[in-house]
Amino acid sequence: VVNLLGISITVLFTLLLVFIIVPAIFGVSFGIRKVYMKTLLKIFQWATLRIERGAKEKNHPLYKPYVNGIIAKEPTSLEEEIKEIRRSGSGKALDAPEFELSDIFYFCRKGIETIMDDEVTKRFSAEELESWNLLSRTNYNFQYISLRLTVLWGLGMLIRYCFLLPLRIALAFTGISLLVTGTTVVGYLPNGRCKEFLSKHVHLMCYRICVRALTAIITYHDRENRPRNGGICVANHTSPIDVIILASDGYYAMVGQVHGGLMGVIQRAMVKACPHVWFERSEVKDRHLVAKRLTEHVQDKSKLPILIFPEGTCINNTSVMMFKKGSFEIGATVYPVAIKYDPQFGDAFWNSSKYGMVTYLLRMMTSWAIVCSVWYLPPMTRQPEEDAVQFANRVKSAIARQGGLVDLLWDGGLKREKVKDAFKEEQQKLYSKMIVGN
Amino acid sequence: MQLLVVEVLRGWPGRSGASCGSWCLLGGVESKRCHPASRNVRDPSGPGCAGVVGDNSPGSHYCGFRRQRSAVQRQRDLISHSQITRLYSRFTSLDKGENGTLSREDFQRIPELAINPLGDRIINAFFPEGEDQVNFRGFMRTLAHFRPIEDNEKSKDQNGPEPLNSRSNKLHFAFRLYDLDKDDKISRDELLQVLRMMVGVNISDEQLGSIADRTIQEADQDGDSAISFAEFVKVLEKVDVEQKMSIRFLH
């Protein structure tokens, strides 16, 4: 009997694998994932209603996250605010620059406001959800859960860990090994159209298998704007999965640092089939070298569009932070792409200070699904009157607007580093003007 | 908005993870390790916690939180339940060391505060004399100064202690930002130092000195070349302190 059980499970597994991998090879979809998504949504809504009902019975207010800030902030400038404070204090001539003891109120209140709620630090941790998605890692109101909900939660956990996880790991394994072997084999072919064709399809096929390994349900919009050869594709960065999502719909040249271990093996195999741009660790610090290599790549029209994430670090997908200007100085056409994840099915944000890569991937593979939308925006080029920074900001605003994200000027590097003193000096300069004039 | 009567966190020991009930035992990848401070919670009868489910969210420590409300006492500093929850969530997200208290570095990690010229003075206001850590109760106490003054409170009787967000206490908060050595006087040196913080390198020493002299001259009434709190209040008597030193919650 045990033998029979073992055999039937193996057969089932293999059938499942075949049903998932074969469509991936040809790029078709049966639509199973969409049905799965709709069913899950219904269950989540029901779960949230139950929790709300439970809370109402006990007469307690529920904890609801507010994404748009918890305090009222006025968007006024330093000059306006201080003038207003002075105006209410005395009837003296307002435009005369001078110092008032009441000026301190402005700095004091601004400081306390940022302590209560600031724009930057909340971008580096996972977004809070309004409804519960049956993952205990996102539940803040768990004491209102009834027995029925507990059973559902347990069932959900069983499905995710015992059924979906092994399946996904098997798929991921298949995808990665096919990528490595496929690209190595293609690498032996002589350069020419045949090699390019095969290389493209090997890459696409393997990325599609990886997409299914994560149960990623992706909606692509405006595919006619997809990046072309000789261009640079820029996108907002939320997690390493962004690469898989974009590369399963287009053929890109990757840019990155050479890693050791499994990543290194993959990188070395990939570069045999088509020219990606991998930098040694020492080369990364040298900005001119990086710029030179990228420029060479884009000027060769036969080479693929480069995929770059100018934020430089993972942000939690509620905002877009400062774009580093390096990729905007090269002078190529920029194809912006906006990626917005739906956090209900699984939060894709990689909090690298909290989780390592393996823990992160495990969390991804035990979520329900990764649902996201990708918008391909029309290409942009640098206008003669703007410099690289202004161009970068323009592209950033376009991406933020399309994805419904907050457009911030702050540097994503603030996740780890301290803010530069130059900003404080700016504030001090502005204030000095108010005291002594120009 | 439910205005719950809350004891202003008297003796809040830090974060407690106890009383999570049976949920904690359903461990696995989902549960975090129990907060070490939770074992010292003042409720030894609570069930032992094998793990705290969920992230650094108020939900997981909410149970211990509600426990504190059972020993309530009417306080003047009324603040709604959801506002406290939100501020607690903020407190825990700032607390990178996860020990239930904030240090000066935790505050300096906020970029918008780090670029505030008086950032260090404001951070200092949270820490009582000689201490390097502030717990949630201290955090709330300081923030309570910035609660807006409701109209119906203005006419309340003066029997109880003055609320932290009264006009006088708000002015006192600002006074303490100037008064570096806490001797209840703003001397010329102290004023110069604070001015230097606010303007950086953009103004010369002489100019700054004359500004400080003029300010003290205008405010000083008892001739000691320093500004006492009473003189400070007199200078600012017309300023709309209630509005300028208040922060309104959105919900």
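Residues numbered from 1 in each chain as written. Chains lettered and ligands numbered in written order. Predicted model: local features only at pLDDT ≥ 70, side-chain atom pairs only at ≥ 80, totals over all residues. Heavy atoms only, no water.

For chain A, an unreviewed UniProt entry supplies the name Glycerol-3-phosphate acyltransferase 4 and the organism Pterocles gutturalis. Checking UniProt for chain A, the heading Sequence similarities (unreviewed entry) contains the comment "Belongs to the 1-acyl-sn-glycerol-3-phosphate acyltransferase family." Regarding chain A, the UniProt comment filed under Subcellular location (unreviewed entry) reads as follows: "Membrane". (UniProt positions renumbered as here; feature names shortened; annotations may be inferred.)

S.K.: Provide a residue-level description of the side chain of Lys396(A), including the pertinent values.
M.R.: Tracing the backbone shows Lys396(A) in helix H12 (residues 388-403). The buried category is assigned to Lys396(A), whose relative accessible area is 1%. (Helix = DSSP H or I, 4+ residues; strand = E, 2+ residues; numbered from the N terminus. Buried < 20%, exposed > 50% of the residue type's maximum accessible area, 1.4 Å probe, protein only.)

S.K.: With reference to specific residues and values, describe the UniProt feature "domain: Phospholipid/glycerol acyltransferase" (unreviewed entry) in chain A.
M.R.: Per the UniProt record, "domain: Phospholipid/glycerol acyltransferase" (unreviewed entry) is annotated on residues 231-342 of chain A. When the span residues 231-342 of chain A is considered, its composition is 33% helix and 25% strand, and the gap between its end C-alpha atoms is 28 Å.

S.K.: Can you lay out the packing of aromatic side chains for me, pointing to particular residues and giving the numbers?
M.R.: All told, the structure shown has 22 aromatic pairs over all chains when counted by the stated rule. A centroid spacing of 5.5 Å and a plane angle of 90° characterise the contact between Phe328(A) and Phe391(A), whose relative ring orientation is edge-to-face. With Phe328(A) in the loop between strand E6 (319-320) and strand E7 (333-342) and Phe391(A) in helix H12, this pair connects stretches of sequence that are 63 residues apart. Across the pair, Phe391(A) and Phe328(A) agree in class, each one buried. Aromatic rings pair up to connect Tyr88(B), Phe91(B), Phe107(B), Phe126(B), Phe127(B), Phe136(B) and Phe139(B) into one cluster. The ring of Tyr220(A) has Arg223(A) lying over it, and the distance from NZ or CZ to the ring centre is 5.9 Å. The side chain of Arg104(B) reaches across the aromatic face of Phe127(B), ending 4.4 Å from its centre. (Phe/Tyr/Trp six-rings, centres within 6.5 Å; stacked < 30°, edge-to-face > 60°. Lys NZ or Arg CZ within 6 Å of the ring centre and 35° of its normal.)

S.K.: Describe in detail the pairing of strand E8 (residues 370-376) of chain A, supporting the description with residues and values.
M.R.: Residue and element names in this part refer to chain A. Burial analysis of E8 places seven of its seven residues in the buried class, which makes it a mostly covered element. Burial along E8 is two-sided: Ile370, Cys372, Val374 and Tyr376 and Val371, Ser373 and Trp375, pointing in opposite directions, are all buried. Relative to E8, strand E1 (residues 216-221) runs parallel, the two being bridged by six bridges. In the sheet register, alanine 216 faces E8, and the bridge partner there is isoleucine 370. Two strands pair when backbone bridges link them, and E7 and E8 are joined in this way by six bridges, in the antiparallel orientation. Paired with aspartate 342 across the strands is valine 371, a residue of E8. (Pairing = 2+ DSSP bridges.)

S.K.: Let's hear about the sheet that holds E8(A): which residues, and what values?
M.R.: All names here are of chain A. Reading across from one edge, E1-E8-E7-E2-E5-E3-E4 is the order of the seven strands in this open sheet, with mixed pairing throughout. Single-partner strands in this sheet number two, and they are E1 and strand E4 (277-279). Strand after strand, the sheet turns through a mean of 25° between neighbouring axes, direction not considered. The pairing of strand E2 (residues 231-235) with strand E5 (residues 306-308) spans three bridges and is parallel. Bridge pairing in E5 links cysteine 233 to leucine 307. Each of E2, strand E3 (253-257), E4 and E5 touches helix H10 (residues 287-299); the most contacted strand, E4, lies at about 170° to it. (Axes fitted to C-alpha atoms, helices over the stretch in contact; angles between N-to-C directions. Contact = heavy atoms within 4.5 Å.)

S.K.: Can you lay out the packing of helix H3 (residues 78-89) of chain A against helix H4 (residues 104-116) of chain A for me, pointing to particular residues and giving the numbers?
M.R.: Residues and elements named next belong to chain A. Across the interface, H3 lies against H4 with an axial gap of 9 Å and an inter-helix angle of 125°. Between H3 and H4, the crossing angle belongs to the class labelled oblique. For the element pair H3 and H4, the recorded crossing hand is right-handed. The segment H3 lies against H4, with Leu78, Glu81, Ile82 and Ile85 engaging Phe105, Tyr106, Phe107 and Arg109. A breakdown of the residues in the contact of H3 with H4 according to their chemical character gives six nonpolar, no polar and two charged. (Parallel < 35°, antiparallel > 145°, perpendicular 65-115°, else oblique. Left-handed = near helix turned anticlockwise from the far one by under 90°. Nonpolar A, V, L, I, M, F, W, Y, C, P; charged D, E, K, R; others polar.)

S.K.: Before we move on, can you summarise unusual backbone geometry with the specific residues and values?
M.R.: All names here are of chain A. The backbone phi angle of aspartate 222 is positive, close to 55°, even though this residue is not glycine. When you line up the elements, aspartate 222 lands in the loop between E1 and E2. Not every positive phi belongs to a glycine, and asparagine 317 is a case in point at roughly 70°. Tracing the backbone shows asparagine 317 in the loop between E5 and E6.

S.K.: Now, about the pattern of salt bridges: what can you tell me, with residues and values included?
M.R.: Under the counting rule described, the total for this entry stands at 22 salt bridges over all chains. Among the salt bridges present, the one from Arg90(B) reaches Asp118(A), with a minimum N-O distance of 2.9 Å. With Arg90(B) in helix H2 (residues 81-94) and Asp118(A) in the loop between H4 and helix H5 (147-187), this residue pair bridges two chains. Its relative accessible area of 7% is what places Arg90(B) among the buried residues. Residue Glu237(B) pairs with Lys234(B) through a salt bridge whose shortest N-O separation is 3.6 Å. Note on Lys234(B): relative accessible area 44%, which makes it partly exposed. (Salt bridge = Lys/Arg side-chain N within 4 Å of Asp/Glu carboxyl O.)

S.K.: So, the packing of H5(A) against helix H8 (residues 261-273) of chain A: which residues are in play, and what are the values?
M.R.: Residues and elements named next belong to chain A. Two elements in contact, H5 and H8, have axes separated by 7 Å at closest approach and are oriented at 35°. Of the two elements, H5 crosses H8, and the hand of that crossing is left-handed. For the pair H5 and H8, contact is made by Ile176, Leu179, Val180, Thr183, Thr184, Val186 and Gly187 and by Val265, Ile266, Ala269, Met270, Lys272 and Ala273, respectively. Across the contact of H5 with H8, the residue classes tally to nine nonpolar, three polar and one charged.

S.K.: Can you lay out the domain arrangement of chain A for me, pointing to particular residues and giving the numbers?
M.R.: All names here are of chain A. Annotation of chain A at the domain level lists domain 1 (1-58) and domain 2 (163-407). Computed from C-alpha atoms alone, the centre-to-centre distance between domain 1 and domain 2 is 27 Å. Both sides together, the interface formed by domain 1 and domain 2 hides about 1800 Å², and carbon and sulfur atoms give 78% of it. Summed over the shared surface of domain 1 and domain 2, the result is zero salt bridges. In this structure, the connection of domain 1 to domain 2 is made through two residue pairs in polar contact (both at pLDDT 80 or more). Of all elements in the fold, only helix H1 (2-26) and helix H2 (32-58) reach the threshold of two or more residues within the side of domain 1 that touches domain 2. A per-element tally of the side of domain 1 that touches domain 2 places H1 first, with nine residues. Classifying every residue of the side of domain 1 that touches domain 2 by side-chain character gives 15 nonpolar, two polar and two charged. (Domains from an automatic or database assignment. Buried area = accessible area lost by both parts, 1.4 Å probe. Polar contact = N/O pair within 3.5 Å; in protein donor to acceptor, adjacent residues only side chain to side chain.)

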